[in-house]
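# Notes for the structure review
What follows is each chain in one-letter form.
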Amino acid sequence: MKERPGLDVSQLPLHGYSSRAPLWWGNLLMIVTEATMFAIVIGSYFYISKSFSAWPPRPIPDPDLLLPTINLIVMIVSLAPEIAVHLLAVRGGSQRSIQIGLVVSSMFLIAAVTLRFFEFNALKVKWDANAYGSIAWAALSLHLGHLIAATGETFVLTAWVFTHRLDEKHRLDLSVTAIYWYFVVVAWAVLYPIIYLSPRAW
Amino acid sequence: MNVESATVTTDDVRAREERERAILERTWASPPGLWGWLTTTNHKSIARRYIITAFIFFLLGGIEAAVIRLQLSRPENRILGPDLYDQFFSMHGTTMMFLFAVPIMEALGLYFVPLMIGTRNVALPRLNAFGYYVYLIGGVMIYVAFILNIGVDTGWFSYVPLSGPQYSPGKRVDFWAQMITFTEIAAIVGGIEIIVTAFKQRVPGMSLNRIPIYVWAMIITSFMVLFAMPAVMLSSSMLATDRLISTHFFNPAEGGDPMLWQHLFWFFGHPEVYIIFIPATGLVSTMLPSFTRRPTFGYLALVLSLVATGFIGFGLWVHHMFATDVPQLGQSFFTAASMMIAIPSGIQIFCWLASLWSGKVRFATPMLFILGFIALFVLGGLTGVMLAAVPLDLQVHDTFFVVAHFHYVLIGGAVFPLFGAFYYWFPKWTGRMLSERVGKWNFWLLFIGFNLTFFPMHQLGLQGMPRRVYTYQEGTGWANLNALASIGAVIIATSVVIFIANVLWSCRNGLAAGNNPWESDTLEWDTQSPPPPYNFVFPPTVNSRTPMWTRTADTPVVTGLRSECREVLLTNPLDAEPDRRYEMPGPSIWPLMLALGVGVTFIVVIFTPWGIPIGGTLCAIALIGWFWSGNRPEPNLPGQTREPLEDEL
Amino acid sequence: MSHPIKPRLNVAALRILIAAACLSLASCGGNHSALNPAGPQSERIGNLWWLLFTVSVIVFVLVVAFMLYGAYRSRRRNNAATDENAERRMARAVSIAVAVTVVTLFGLLVASVLTGRAISPPPSGDFLTIKITGHQWWWEVEYEDPVASQRVTTANEIHIPTGQTVMLKLTSHDVIHSFWVPSLHGKKDLIPDHEIITTIQADAPGTFRGQCAEFCGHQHAHMAFFIIAEPPDQFQAWLENQRKPSVQPADQLQARGQQVFLTKSCVLCHTIQGTPAGAHVGPNLTHVASRQTIAAGTIPFAHDSLARWVVDSQSVKPGNRMPQNMLSPEELQALLAYLESLK
């Protein structure tokens, strides 16, 4: 360490968003591995369907569409406040506007989680009836887990934003949570037609 | 970047270095005592625990192997009954694959990747600690079950329906299925750590084409972990629900299919082999320069081979299922893929041979292990090609031939490099060298014992001896070779004992190592042995693939990081241009708490579904604590500028 | 093994019996090896093995020789030779080696696929068809016949005619097993709810040992079977005999034995055609005395070992599904006499 020149980095900024932030990468990789998990559930769903001549196996009726479709719409609409929060967070939006955005988002999330519990009934089959019931419940439950996780994250952030002055670090947290929520919605947009529409197309 | 280089005079450097060192010591120190031990987020402390824990599991798995060899040393031996024998071989496989091989490879990565890329800690240090604790809980849980005589007895791949509710009543398989979830969570966490760290925290100058091959190997391994582990987590969870709440994923009577388990398990299981093997080749490629006095031949070819192996590794899983009713066309495809993967492995071997051919070879203990590795791995690879051929696989599948094959690839291909790496990096860990003389005994006994144990198994398999039999009848003609294999096992055990003795002795009495005893080329040798908690006073910069060999007085070091907080330099993923400074969180108890919450969830669930609400609540509390504690609001600091907008969303 | 404890002695005695049984079935080592092919399928696989073996030996010797010589020759050097020309030469050598590897692997792939074609079951044909069902831990063997009464059910010993292709339909009653007779063919799994077809053929008369190759629980180690290849006329005679119902008791002792069989727990699990016993849990015993071993190749069908099996099967094959049977000595002797008459 003698007489070596220094590469002075003291003027570098402290915060960056998206691919500049390690947290963003961590979140992205988490999404990658969870997306793999959803893909495997979908693969298993079709693998199991091969064992049956009818799908859903008779006399199980096709799943209800009303409630799940409402929930799908709820989730898609919820993207609006999430995107708003995301943009406000990274573009220096005011604390007040972010608070409002978070409250609106939280309400959508509560609605989605609540509807999900009723969606299990809409399947019209129990998990222990046969392999069809098992895999349909597995897909819903796995996604429910993600819903709850995203909801919990949003609640905690909302609480934080109402009790503290918003700093750069938490703006990053808000953006990352929003990205996670996009993933949860996209995952559902893929699962919904498989669970609810594909049995009708059989 | 508008970063300016300023030349500093000798006195300035000295004085500044001392001042920095003092501040860094204070900033990066863990709290004292037990509390500090439980809350540390230092990647080296965590990785050291990881390595020691995994090595203990290696010893336990080895003891199980020794008992297996004792039982099989004679026909109709009755030392173990079938029940106990089944537990022993299941625990042996489970331990070696889930609790030893993958964890120790990731642990080495968690220790050395940050050092080799010149940063102070892994990217998400608290998550890293969480990963270790989850792994520890899973490992301890399954061993407690084993000691209570409720160890898993259905093998490390626990095929259904044998492991299903009907044929394996009781809790044995449930512990196993949950242990899978624990270890896979840990593996995924470790993988994420390694990728993010290697992408974002490389020192300036370490562009993609200068990343040490070992770091490449760990990046590729980590990606494989992210794609492979979900399959086994999901399938083991399906198994657990089949057993606990009567789902029917694998129950043919209700439309489930036992073949689904095999597909899911091997979709994970085959990449798993490469998750173990790729880091080992990375170790070899990274150690070779020190013992051939030249950069490893064929950097690009080696890295691309690893990438290719990573991809092809996901296209082989059906070759574990040739004896089932997989259609013939599919079989041909998987045969082709299985043979194809020999090509990148071949490229690596040829590159290593080229390095030897043109290098100045130094026969230190790590080099002996590398040479042993090459010989054994080539042999294991060749039997692998045999297994890829469907007709031959139908003969030797599930026989001792396969046992021989995968021990050649896993012990020859991974444990030999690992022992080499222990000898190579021990000085970095402890500041002392392991005894070279004892090391040579260690190597030769392991090499001879290994071949004595496993080579005869090829013939046993061809002569019809199936795997996983707790005994065999007199007159089968298998007795002599089995006795030979058992003698070999004694020699292996001796070698491992010698290694442990060497470690214990050398910790106190080994030669002092200095910073760079092997005159190596990578950055972990640029700091003290053992490295301080902050790794580098001034992180270095690099100007080539072999930075320690090519640096000059003009090669700059990084200055200007705040020493009063745990700050690291972020660079961009491609060129490693300095980009941001980043403050890391310090010690925290919450990773341990969250791990305990996860532990409660998965263990209680074995006995009652209440595990989910109870454990879920604990996890939620821990997560909130985690978030809240690490998040003091920041003051407005000088140099903190808002970065707008251009690359959002 | 010199402890004067009774069970231990029994074990020792048993081992001698097993060894004797194996000898009687033509030496086991030879008739249970992929290296001793006795049929066209195993012959083809054997050829593939020798091809792969030869290639492997050559590759291994070359690589290790290069490695050792490369390491050795550098001793005379002071420094690594890394000038540009040397590197280029080496790059060329590595490229050639890779090319040779690719070509070799392609050759092996072709050889493998061709062998696979040759040994795969022919699409159709009029074959003797045997359905084999795996049980924990024995093999149920059914000779199919369009006429229901002509079907034959036996266990653990499969007679086949020499020189003919025999089709096997494999399935399982419980967990996954794997059917493997190394001297005749590679293995195929028995999976519940799946039916896997394979064909075997023996060129000459002989007895070939096989063993379950997929871990299937505690007694996976004792789940052997024998293929007994006989000239077609001999096989036909055997089959005719198997089609008959069981022999009626010839004397009073045997009659008493039949009565024991039908009144004790035996009848709950086993079938003996020609008697009311018709359960399908355990092996069909209609012609059990025509078999050479019991307990899936574990012990010989002999008076003492049979007695031990009936009374205390758990000490022979711990964990097997047969319960302990409380029989008086008189009942036992009568039962044995009856069973031994079931040719």
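Residues numbered from 1 in each chain as written. Chains lettered and ligands numbered in written order. Predicted model: local features only at pLDDT ≥ 70, side-chain atom pairs only at ≥ 80, totals over all residues. Heavy atoms only, no water.

Right, let's talk about the overall build of chain A for a bit. Secondary structure assignment for chain A yields five helices and one strand. Its C-alpha atoms give chain A a radius of gyration of 21 Å, clearly above 17 Å, the size a compact globule of 202 residues would have. Along the first, second and third principal axes, the C-alpha atoms of chain A reach 80 × 45 × 25 Å. Within chain A, the fraction of its 202 residues that count as buried is 59%. In chain A, once contacts between residues fewer than 6 apart in sequence are set aside, the share between residues at least 24 apart is 83%. For chain A, the exposed area adds up to about 7,600 Å²; of that, 71% sits on carbon and sulfur atoms. (Helix = DSSP H or I, 4+ residues; strand = E, 2+ residues; numbered from the N terminus. Rg over C-alpha atoms; globule rule 2.2 N^0.38 Å. Buried < 20%, exposed > 50% of the residue type's maximum accessible area, 1.4 Å probe, protein only. Contact = heavy atoms within 4.5 Å. Areas by Shrake-Rupley, 256 points an atom, 1.4 Å probe, with all protein chains shown as cover.)

Residues and elements named next belong to chain C. Taken in spatial order, the three strands of this open sheet run E4-E10-E9, and their pairing is mixed. Both edges of this open sheet fall to strand E4 (157–161) and strand E9 (206–211), since each of them pairs with a single strand only. Each neighbouring strand pair of the sheet contributes to a mean axis angle of 25 degrees, computed without reference to strand direction. Sheet topology places E4 next to strand E10 (residues 224–230); five bridges connect them, and they run parallel. Residue Ile160 lies in a different strand from E10, and its bridge partner there is Ala229. Packed on one face of the sheet, helix H5 (residues 232–243) meets E4 and E10 and runs near 135 degrees to E4. (Pairing = 2+ DSSP bridges. Axes fitted to C-alpha atoms, helices over the stretch in contact; angles between N-to-C directions.)

Take the confidence of the model for chain B next. Residue and element names in this part refer to chain B. Model confidence for chain B is summarised by a mean pLDDT of 92, while 95% of its residues fall at 70 or above. Of the regions scoring below 50 in pLDDT, residues 1–6 engages in twelve contacts with residues more than four places distant in sequence or in other chains. Within the model, pLDDT remains below 50 along residues 635–649, and this stretch shows 33 contacts once partners closer than five positions in the same chain are excluded. In the predicted assembly, ipTM is 0.95 and pTM is 0.94. (pLDDT = per-residue confidence, 0-100.)

Turning our eyes to something else, we now look at the packing of aromatic side chains. This structure, assessed with the given rule, holds 98 aromatic pairs over all chains. A ring pair is formed by Trp49(C) and Phe53(C), whose centres lie 5.3 Å apart and whose planes are at 35 degrees; its orientation type is tilted. Here Phe53(C) and Trp49(C) lie together in helix H3 (residues 40–73), a separation of four residues that amounts to about one turn. It is Arg116(A) that lies over the ring of Trp188(A); its NZ or CZ is 4.1 Å from the centre. Sitting above the plane of the Trp37(B) ring, Arg49(B) keeps its charged end 3.7 Å from the centroid. (Phe/Tyr/Trp six-rings, centres within 6.5 Å; stacked < 30°, edge-to-face > 60°. Lys NZ or Arg CZ within 6 Å of the ring centre and 35° of its normal.)

Counting 345 residues, the largest nonpolar core has Trp176(B), Trp425(B) and Phe179(C) as its most contacted members. If near-sequence neighbours (up to four positions away) are discounted, Phe179(C) is found in contact with Ile132(C), Trp139(C), Ile158(C), Leu168(C), Leu170(C), Gly186(C), Lys187(C), Lys188(C), Leu190(C), Phe225(C) and Ile227(C). Counting 25 residues, the second largest nonpolar core, distinct from the first, contains Cys266(C), Ala289(C), Ala295(C) and Ile299(C). (Core = buried A, V, L, I, M, F, W, Y, C linked by side-chain atoms within 4.5 Å.)

What follows is about the interface of chain A and chain B. With 62 residues of chain A in contact, the opposing surface of chain B contributes 84 residues. Among the residues of chain A in contact with chain B, Arg4(A), Leu14(A) and Arg20(A) are the three that bury the most area, contributing 13% of the side total. Taken together, chain A and chain B are joined by one salt bridge. Notably, a salt bridge pairs Asp579(B) with Arg20(A), separated by 3.2 Å at the nearest N-O pair. (Buried area = accessible area lost by both parts, 1.4 Å probe. Salt bridge = Lys/Arg side-chain N within 4 Å of Asp/Glu carboxyl O.)

With that settled, consider the interface of chain B and chain C. With 85 residues of chain B at the interface, the matching set in chain C holds 89 residues. Here chain B meets chain C over a buried area of about 7,300 Å², counting both sides, of which 68% is carbon and sulfur. Broken down residue by residue, the surface that chain B buries against chain C is led by Trp357(B), Gln395(B) and Gln473(B), which jointly contribute 11%. The interface formed by chain B and chain C contains one salt bridge. Between Glu87(C) and Arg294(B) there is a salt bridge; the shortest N-O distance is 2.7 Å. Tallied by class, residues from the side of chain B that touches chain C come to 50 nonpolar, 20 polar and 15 charged. (Nonpolar A, V, L, I, M, F, W, Y, C, P; charged D, E, K, R; others polar.)

With seven of its seven residues buried, E10(C) lies for the most part within the structure. Residues Ala224(C), Phe226(C), Ile228(C) and Glu230(C) point to one face of E10(C) and Phe225(C), Ile227(C) and Ala229(C) to the other, with burial holding for every one of them.

For the rest of this paragraph, the subject is helix H8 (residues 258–292) of chain B. Residues and elements named next belong to chain B. Helix length check: H8 (35 residues) gives 51 Å between terminal C-alpha atoms against 51 Å at 1.5 Å per residue, within 8%. A bend of about 30 degrees at Trp266 is the largest found in H8. Taken across its 35 residues, H8 has 34 buried, putting it largely inside the fold. Backbone nitrogen of Met259 and a side-chain oxygen of the N-cap are separated by 2.8 Å at the start of H8; the cap is Asp257. Positioned one or two residues after H8, Arg293 has a phi angle of 55 degrees, which is positive. (Expected span 1.5 Å × (residues − 1). Bend = angle between axes of the 7 residues up to and from the residue. Polar contact = N/O pair within 3.5 Å; in protein donor to acceptor, adjacent residues only side chain to side chain.)

Residues and elements named next belong to chain C. Ordered by their spatial adjacency, five strands build an open sheet running E3-E2-E1-E5-E8, and the pairing between neighbours is mixed. Whereas interior strands pair on both sides, the edge strands pair on one side only; in this sheet they are strand E3 (152–155) and strand E8 (196–200). Across the sheet, the mean angle separating the axes of adjacent strands is 25 degrees when strand polarity is ignored. Here six bridges tie strand E1 (residues 128–135) to strand E2 (residues 138–143), and the two strands are oriented antiparallel to one another. Bridge pairing in E2 places Lys131 opposite Glu142. On top of the sheet, H5 reaches E1, E2 and E3; it is set at about 100 degrees to E3, its chief contact.

Note that Gln41(C) resides in helix H3. With residues up to four places along the chain from it excluded, the contact list for Gln41(C) reads Ile119(C), Leu184(C), His185(C), Thr199(C), Ile200(C) and Gln201(C).

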